[in-house]
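Listed below are the residues making up each chain.
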There are 2 protein chains.
Amino acid sequence: MFKIHDYKGFPNPTRIRIAISEKGLSDQVSFVSVDVPAGEHKSVAFLSRNPAGTVPVLELEDGTHISECTAITEFLDHSIGQPTLTGRTARERAMIHMMQRRAEAGLLDAVATYFHHATPGLGPHIETYQCREWGEKSLDRAISFMRYLDQALENRPYLAGSQFTMADITAFAGLLYADIVKLEIPSDLTRLKAWRARIIERPSIAS
Amino acid sequence: MFKIHDYKGFPNPTRIRIAISEKGLSDQVSFVSVDVPAGEHKSVAFLSRNPAGTVPVLELEDGTHISECTAITEFLDHSIGQPTLTGRTARERAMIHMMQRRAEAGLLDAVATYFHHATPGLGPHIETYQCREWGEKSLDRAISFMRYLDQALENRPYLAGSQFTMADITAFAGLLYADIVKLEIPSDLTRLKAWRARIIERPSIAS
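Residues numbered from 1 in each chain as written. Chains lettered and ligands numbered in written order. Predicted model: local features only at pLDDT ≥ 70, side-chain atom pairs only at ≥ 80, totals over all residues. Heavy atoms only, no water.

Visitor: Please clarify how the sheet that holds strand S1 (residues 2–6) of chain B should be interpreted in this entry.
Guide: Picture the strands of a sheet paired through backbone hydrogen bonds; they go either parallel or antiparallel. Residue and element names in this part refer to chain B. As summarised here, the arrangement of the four strands in space is S2-S1-S3-S4, forming an open sheet in which the pairing is mixed. The open sheet has two edge strands, strand S2 (29–33) and strand S4 (65–67), and neither has a second partner. Each neighbouring strand pair of the sheet contributes to a mean axis angle of 25 degrees, computed without reference to strand direction. Where S1 and strand S3 (residues 57–59) come together, three bridges link them in antiparallel fashion. Along S3, the bridge assignment pairs histidine 5 with valine 57. (Pairing = 2+ DSSP bridges. Helix = DSSP H or I, 4+ residues; strand = E, 2+ residues; numbered from the N terminus. Axes fitted to C-alpha atoms, helices over the stretch in contact; angles between N-to-C directions.)

Visitor: It is not clear to me how the pattern of salt bridges should be interpreted in this structure. Could you clarify?
Guide: Should the charged atoms of two oppositely charged side chains come close, the side chains can pair. Tallied over the full model, the rule gives 30 salt bridges over all chains. Between glutamate 74 of chain A and arginine 93 of chain A there is a salt bridge, with the nearest N and O atoms lying 2.7 Å from each other. Pair noted here: glutamate 74 of chain A is in helix H3 (residues 69–79) and arginine 93 of chain A is in helix H4 (residues 90–118), with a separation of 19 residues, a long-range link. The exposure classification of glutamate 74 of chain A matches that of arginine 93 of chain A, with both residues buried. One salt bridge in this structure joins lysine 23 of chain B and aspartate 77 of chain B, with 3.0 Å as the shortest N-O distance. Of this pair, lysine 23 of chain B sits in the loop between helix H1 (11–22) and S2 while aspartate 77 of chain B sits in helix H3 (residues 69–79), and the two are 54 residues apart along the sequence. By relative accessible area, lysine 23 of chain B is classed as buried at 11%. (Salt bridge = Lys/Arg side-chain N within 4 Å of Asp/Glu carboxyl O. Buried < 20%, exposed > 50% of the residue type's maximum accessible area, 1.4 Å probe, protein only.)

Visitor: Honestly, the relation of the copies chain B and chain A in this entry has me stumped. Any pointers?
Guide: Both copies of the chain are tied together by a single rotation about an axis and a shift running along it. Superposition record for chain B on chain A: RMSD 0.0 Å, screw rotation 180 degrees, translation along axis 0.0 Å. With respect to symmetry, the two chain copies, as superposed, fit the operation of a two-fold axis. It is tryptophan 134 of chain B whose C-alpha, among those of chain B, lies nearest the rotation axis, at 3.3 Å. The residues that chain B uses at the interface reappear at the interface of chain A in 100% of cases, marking a shared surface. (Least-squares fit on C-alpha atoms with pLDDT ≥ 70 in both. Contact = heavy atoms within 4.5 Å.)

Visitor: What am I meant to see in the environment of threonine 113 of chain B here?
Guide: Residues and elements named next belong to chain B. Along the chain, threonine 113 turns up in helix H4 (residues 90–118). Put simply, threonine 113 and glutamate 136 are 23 residues apart on the chain and 8.6 Å apart in space, counted from C-alpha to C-alpha. Apart from residues no more than four positions distant in its own chain, threonine 113 is found in contact with Ala118, Trp134, Gly135 and Ser138.

Visitor: Where do I start with the pairing of strand S1 (residues 2–6) of chain A in this structure?
Guide: One face of the sheet, then the other: side chains in a regular strand alternate in exactly this way. Residues and elements named next belong to chain A. In terms of burial, S1 is a largely internal element, four of the five residues being buried. Pairing of S1 with strand S2 (residues 29–33), which is carried by five bridges, proceeds in the parallel orientation. Pairing of lysine 3 across the sheet is with serine 30, part of S2.

Visitor: Help me understand the environment of histidine 97 of chain B, please; the structure alone is not making it clear to me.
Guide: Looking at where histidine 97 of chain B falls in the secondary structure, it is placed in helix H4. You can call histidine 97 of chain B buried: its relative accessible area is 2%. Distance in space between the C-alpha atoms of histidine 97 of chain B and serine 207 of chain B is 26 Å, their sequence separation being 110 residues. Beyond its immediate chain neighbours, meaning those up to four positions away, histidine 97 of chain B contacts Ala71, Glu74 and His97 of chain A together with Glu74 and Met166 of chain B.

Visitor: Help me understand the packing of H3 of chain A against H4 of chain B, please; the structure alone is not making it clear to me.
Guide: Axes are the key here: two packed helices are described by the angle between their axes and the distance separating the axes. One can describe the packing of H3 of chain A onto H4 of chain B by two numbers: an axis separation of 8 Å at closest approach and a directional angle of 170 degrees. The angle between the axes of H3 of chain A and H4 of chain B places the two elements in the roughly antiparallel class. Side by side, H3 of chain A and H4 of chain B meet where Ala71, Glu74, Phe75, His78 and Ser79 of chain A of the first sit next to Ala90, Arg91, Arg93, Ala94, His97 and Met98 of chain B of the second. (Parallel < 35°, antiparallel > 145°, perpendicular 65-115°, else oblique.)

Visitor: Sorry if this is basic, but what is going on with the packing of helix H1 (residues 11–22) of chain A against H3 of chain A here?
Guide: Residues and elements named next belong to chain A. Axis separation between H1 and H3 bottoms out at 10 Å; the angle between their running directions is 10 degrees. Taken as axis vectors, H1 and H3 run roughly parallel relative to one another. Residues Asn12, Arg15, Ile16, Ala19 and Ile20 of H1 touch H3, and the partners they reach there are Cys69, Thr70, Ile72, Thr73 and Leu76. Of the residues that constitute the contact of H1 with H3, the class distribution is six nonpolar, three polar and one charged. (Nonpolar A, V, L, I, M, F, W, Y, C, P; charged D, E, K, R; others polar.)

Visitor: How do you make sense of the sheet that holds S1 of chain A when you look at a structure like this?
Guide: Residue and element names in this part refer to chain A. The strand order across the open sheet formed by four strands is S2-S1-S3-S4, and the pairing between neighbours is mixed. This sheet does not close on itself; its edge strands, each paired only once, are S2 and strand S4 (65–67). Across the sheet, the axes of successive neighbouring strands diverge by a mean angle of 25 degrees, strand direction being ignored. The sheet contacts of H1 involve S1 and S2, and relative to S1 the element is tilted by about 150 degrees. Most of the contacts of H3 go to S4, to which it runs at about 120 degrees, and overall it touches S1, strand S3 (57–59) and S4.

Visitor: Whenever I open this one, the interface of chain B and chain A confuses me. Can you help?
Guide: When the parts come together, some accessible area is lost, and that loss is often what is quoted as the size of the interface. Facing 34 residues of chain B, the contacting portion of chain A comprises 34 residues. For the pair chain B and chain A, the two sides together bury roughly 3,000 Å², of which 64% comes from carbon and sulfur. At the boundary of chain B and chain A, one finds six salt bridges. With a closest N to O distance of 2.9 Å, arginine 91 of chain B and aspartate 62 of chain A form a salt bridge. Our count for the chain B to chain A interface comes out at 12 residue pairs in polar contact (both at pLDDT 80 or more). Among the elements that make up the side of chain B that touches chain A, the one with the highest residue count is H4 of chain B (12 residues). Grouping the amino acids of the side of chain B that touches chain A by side-chain chemistry returns 13 nonpolar, nine polar and 12 charged. (Buried area = accessible area lost by both parts, 1.4 Å probe. Polar contact = N/O pair within 3.5 Å; in protein donor to acceptor, adjacent residues only side chain to side chain.)

See the structure below:
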């Protein structure tokens with residue numbers, strides 16, 4: 001048994017909820033809700049779990065806390081059965097981590113930066129520092145990156161190859177974040193739209 | 001045999017050179033120099049290897065290109081022997097990836113953002129967009145993060161536990177970058193300084 005501290009429905013928590021479902025670990029997890037809209041993730045108590053002040057955080061039975069979605073996904077993927085989300089061979093691992101990081105930096109984190117810096121974000125009690133120019137620039141970056149994702153899907157069904165992996169989860173969460181800020185996928189990116197439509201059908205996401 | 005496209009001495013290339021040495025893979029690699037000061041990493045030819053326009057890039061025998069240091073390190077660590085840099089168990093992998101990502105975001109990428117946005121960086125022909133305010137803010141973030149690293153080393157010799165791992169490599173490269181921008185470790189951070197002094201003695205770094 002382990003705990004996940006998160007806030008249901010937000011993009012980064014969704015990454016881990018999908019991974020838990022994909023690995024069939026739902027009955028081994030209990031969720032602890034962190035009131036992110038109220039700023040609980042910036043409280044002293046929460047910062048002792050994760051000094052970065054972000055959700056989700058995995059809490060192991062011995063009280064160890066693990067933050068960062070890539071790290072939590074590595075834990076989940078290696079805690080039961082063969083790895084399916086992070087790859088088995090050196091080459092698979094390389095492709096998955098590369099595409100995961102690109103999707104994280106180019107889409108998910110870029111949209112997050114726009115949200116926290118160039119919109120009201122979570123409100124003035126939480127967004128105590130904003131750099132609007134950088135936020136706006138990050139939005140341009142996210143749109144460009146959608147075009148890259150569309151190209152990457154030209155010759156393969158999933159971002160890192162023939163299987164659904166952590167890279168797809170990250171990009172999917174990035175598009176969820178884009179929905180929140182009302183950033184649509186440009187209409188000519190038909191491969192990216194088709195990929196999203198397929199991903200949404202997975203039981204780990206549809207449920 | 002595989003190739004690494006990089007520019008010797010820069011922080012991110014150093015991460016991979018250390019990993020290659022730690023894994024004993026030096027005789028299986030050839031290096032291709034990319035003229036980063038002249039902007040070769042932003043050329044059309046190089047962008048076809050890595051659309052993000054960054055070094056290092058791993059080129060496999062079949063022509064596949066892998067960018068992102070975490071991805072390249074995963075490849076190297078799983079291509080020979082047991083993993084030593086990225087962990088063997090679910091728990092080890094979680095700790096290493098968490099601390100790696102914290103060191104990357106909080107130190108290495110923060111210092112890089114300062115360098116590219118709030119200093120002349122690689123020069124006006126390469127730094128075609130700068131956001132000085134964000135660059136300055138990133139420097140503050142890096143200094144705060146050094147304090148976190150010092151605390152993290154309170155009860156363990158290496159960042160992710162009892163062994164030298166990818167997390168240490170990332171933080172070490174972050175401090176190399178700090179040297180380039182003349183950002184010193186605050187004098188009261190004695191654990192961080194002692195850790196660095198120990199790391200520098202490793203054959204993979206000293207040589």
